[in-house]
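# Residue-level structural notes
Chain by chain, the residues:
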Amino acid sequence: MANDQQAWAGLGPQLAGRLAKLDIRRPQDLVLHLPLRYEDETRLTPIAAARAGAPVQVEGEVVSCEVTLRPRRQLVAQIRDASGTLTARWLNFYPSQQKQLAPGRRVRVFGEVRGGFFGNEMVHPRVHPIEAGEALPQALTPVYPTTAGLAQSALRKLIGRELQRPPMTELLPAPLPGGLQLPPFAEALRTLHQPPPDIDPYALEDRAHPAWQRIKFEELLVQQLSLRRAYNARRTRRAPILRDNGKLTGALLAQLPFRLTGAQARAVAQIGRDLATPHPMQRLLQGDVGSGKTIVAAMAMLQAAENGFQAVLMAPTEILAEQHWKKLAAWLEPLGVGIAWLSGSRRKKEREAELARLASGEVLLAVGTHALIEDPVALPRLGLAIVDEQHRFGVRQRLALREKGADALHPHMLMMSATPIPRTLAMSYYADLDVTVLDELPPGRTPILTKLVAESRRDQVIARVRDACLGGAQAYWVCPLIEESEALQLKTAVETFETLGAALPELKIGLVHGRMKSDEKSATMAAFSAGELHLLVATTVIEVGVDVPNASLMVIEHAERFGLAQLHQLRGRVGRGTAESACILIYAHPLSENGRARLKVIYEHSDGFAIAREDLRIRGPGEFVGARQSGVPLLRYADLEGDADLVEPARALAERLLREAPEVATQLMERWLGGREGLLRA
Ligand code: ADP
Ligand code: MG
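What you see as residue numbers is a count from 1 along each chain, following the sequence as written. Chains and ligands are labelled by the order in which they are written, letters from A for the one and numbers from 1 for the other. Reporting in this predicted model follows two pLDDT cut-offs: at least 70 for local features of residues, and 80 or more for side-chain atom pairs to be given and counted; totals over whole chains, interfaces and linings ignore these cut-offs and use all residues. Each side-chain value is derived from all of the structure's non-hydrogen atoms; neither hydrogens nor water enter the calculation.

If you look the protein up in an unreviewed UniProt entry, it shows as ATP-dependent DNA helicase RecG from Aromatoleum tolulyticum. UniProt positions are given in the numbering used here, feature names are shortened, and annotations may be inferred rather than shown by experiment. On record in UniProt, under Sequence similarities (unreviewed entry), the comment for the protein is "Belongs to the helicase family. RecG subfamily."

### Some remarks on the site of ligand 1
The cutoff for a nearby residue is simple: one of its non-hydrogen atoms must lie within 4 Å of the molecule or strand. For ligand 1, the set of nearby residues contains 17 residues, the closest of which are Gly290, Lys293, Thr294, Arg445 and Asp547. A 1.4 Å probe and the Shrake-Rupley method give the accessible areas. Residues count as covered only by the protein chains that appear here. Relative to its free-state accessible area of 560 Å², ligand 1 is covered by the protein chains to the extent of 88%.

### A short note on unusual backbone geometry
Along the chain, Arg70 connects to Pro71 via a cis peptide bond; the corresponding omega equals 0°. Helix and strand assignments follow DSSP, with helices taken as H or I runs no shorter than four residues and strands as E runs no shorter than two, numbered in order from the N terminus. Topologically, Pro71 is positioned in the loop between β2 (56-68) and β3 (74-80). If you check the backbone angles, Asp23 has positive phi at about 65° while not being a glycine. Phi is positive for Glu389, close to 50°, though the residue is something other than glycine. Position of Glu389 relative to the elements: it lies in the loop between β14 (382-387) and α13 (395-402).

### Some thoughts on the sheet that holds β3
Ordered by their spatial adjacency, 7 strands build an open sheet running β6-β7-β4-β3-β2-β5-β8, and the pairing between neighbours is mixed. Here the strands that pair on one side only, and so sit at the sheet edges, are β6 (113-116) and β8 (126-130). Between one strand and the next, the sheet's axes are offset by a mean angle of 40°, whatever the strand orientation. One requirement defines pairing of two strands: DSSP has to find at least two bridges between them. The pairing of β6 with strand β7 (residues 119-123) spans 4 bridges and is antiparallel. Note on β7: the bridge partner recorded for Gly116 is Gly119. The axes are straight lines fitted to the C-alpha atoms, using for helices just the contacting stretch, and the angles between their N-to-C directions are given from 0 to 180°.

### Re the packing of helix α5 (residues 185-193) against helix α7 (residues 210-235)
When two helices pack together, you describe them by how their axes are tilted relative to each other and by the distance separating the axes. For the pair α5 and α7, interaxial distance at closest approach is 8 Å and the crossing angle is 120°. In this view, α5 runs oblique relative to α7, as classed from their interaxial angle. As α5 runs across α7, the sense of the crossing is left-handed. Contacts between α5 and α7 pair Phe185, Ala188, Leu189, Thr191 and Leu192 from the former with Ala211, Trp212, Arg214, Ile215 and Glu218 from the latter. Basically, the charged four are Asp, Glu, Lys and Arg, the nonpolar ten are Ala, Val, Leu, Ile, Met, Phe, Trp, Tyr, Cys and Pro, and anything else, Gly included, counts as polar. Partitioned by chemical class, the residues of the contact of α5 with α7 number 7 nonpolar, 1 polar and 2 charged. Any angle that is under 35 degrees is reported as roughly parallel, and any over 145 degrees as roughly antiparallel; angles of 65 to 115 degrees are reported as roughly perpendicular and all others as oblique. A clockwise turn of the near helix away from the far one marks a right-handed crossing, whereas an anticlockwise turn of less than a right angle marks a left-handed crossing. The contact definition used throughout considers only heavy atoms, calling two residues in contact when any of these lie within 4.5 Å.

In structure tokens:
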């Protein structure tokens, strides 16, 4: 240990700083810094046999070496072996390079040849001066991810030295779950850092080689361990016991205009059981757009109220929060249950009145935006916190909501999401949550017809909107997303509103966007809900949650700019009633490859899970989950899509280790995370 520390300390602050940029902070982190690719310097190619297309290594004697000034300043050397002569050329070079290439020296040169004016040449090859008869390396040469100021050769030397150092303790028990056969840790690392020349280069490149599998498995295992640890830690905390005595929940069910779907009933029962335990619930309720999550939330809130505890529902936008409030109030007021509504832009007086109602205990339930987590809001008896569209909130906001519970009791947490997560991803990123899936839509929904229309046919779309609206339907018109500039986005929304107004004088048209005053916004939404407006021109403020069942036509302009989850959410604003619904996606050329791929997916699929799977394929998992927000340590090597078959055994082993060998779990986490366990999630 002392030796390790010294060796590391001996590096000097500059080198240590550069290594830290690569997330190498301790000597043992070096061996987990794995190559991007390899170069084969274990064999030589005769100069005459070198062909363009792949890098080769040749060995020969320097015939000449000089700096020429035409066509521009460069270092040019001639190298000769028994078969022929090669020109090597450097446009940037150091004087020391010229010395290495003194005529008469033997050198090995590694690079790709191409046919030049004067025969075969290499541009910027790597040069390695040698003694005659010097042996070739026995292993492929690793190429590492590196950073400015840190040469490959220096990194190789540091890593090579660390590999020599015993011990690289084997931490996995045998046998592994799922019949997995993987090499030991030390052997896998050696194979990856110093692969023997006869190794299958494709397996190495594709990271399918057992050595790669072993490392990726261990990485996934550590991810599972840290998530399970966080989960278990929370299970040791105390939460209020909220029994389901059925008084209010039963009354709500009795007066609902519909019956719960089987999936909703199962979710309500599962959540009800969680709430009745003395430990905080950590549950994710996943259900596709329109699957009816709100009523499940309402039932849980009532269960808290029945026990004299507070419950809050936090939504990401004001429009959504207000809509939830109205819907919940309509359901709950007949039962004599009050519900407060908090949002940043409500008038000060109104807000203060709501705060007072909450503080006095007159009302136990509240709905709001992130205003709920702001300072003046006191929720001393918070028993349940629900986050709608949870992916729209960061870790910190979810934590802040939890911390609203004043005393030693932690509130139960329910996260809701309409962005379905494929199973492997859920197992990985949400391993610290229990998951309930609403896998059934309420009956009577009609499938939504999706159409792709080129921008040149915008007039036809306008005509269609006119016909639909005059026929009694209502429509949304979503303005183009302009990510770079909010100001430009607003301008476009206002312009769209004006041009549509001019083109459709016979229709009543409203406009909503994020910068409107909240009473204007809510007045417009209310008018649209009440059927007083035919057409609602909107920015993406209506993206999530908005529920106006009579609306049956959705038009999205510049659909190619939107993400898949967004398109699916927007499309989900229609198809909520019994009328046949359609979604028209207007796109403009030129389409990027990704844009085209997204439109194809949204056109071909209506199931949120299928769309999420395709989204994952197009974007990769990190971006998909918004990993930065999720607080889960990112995977460096494993890839949840490609290595899906390793996730289940990793999860199984993680559970076994935590039960039977927690000290091994700690050592594994120490090895990979070095104490950086990532943010625990709310
Ligand atoms: P989401 O899961 O997207 O949040 P909502 O909770 O907004 O879905 O529900 C969508 C619509 O379906 C709402 O109008 C809601 O009242 C209605 N709804 C919910 N559950 C049922 C049901 N079991 N039967 C009929 N309609 C339902
Ligand atoms: Mg919703």
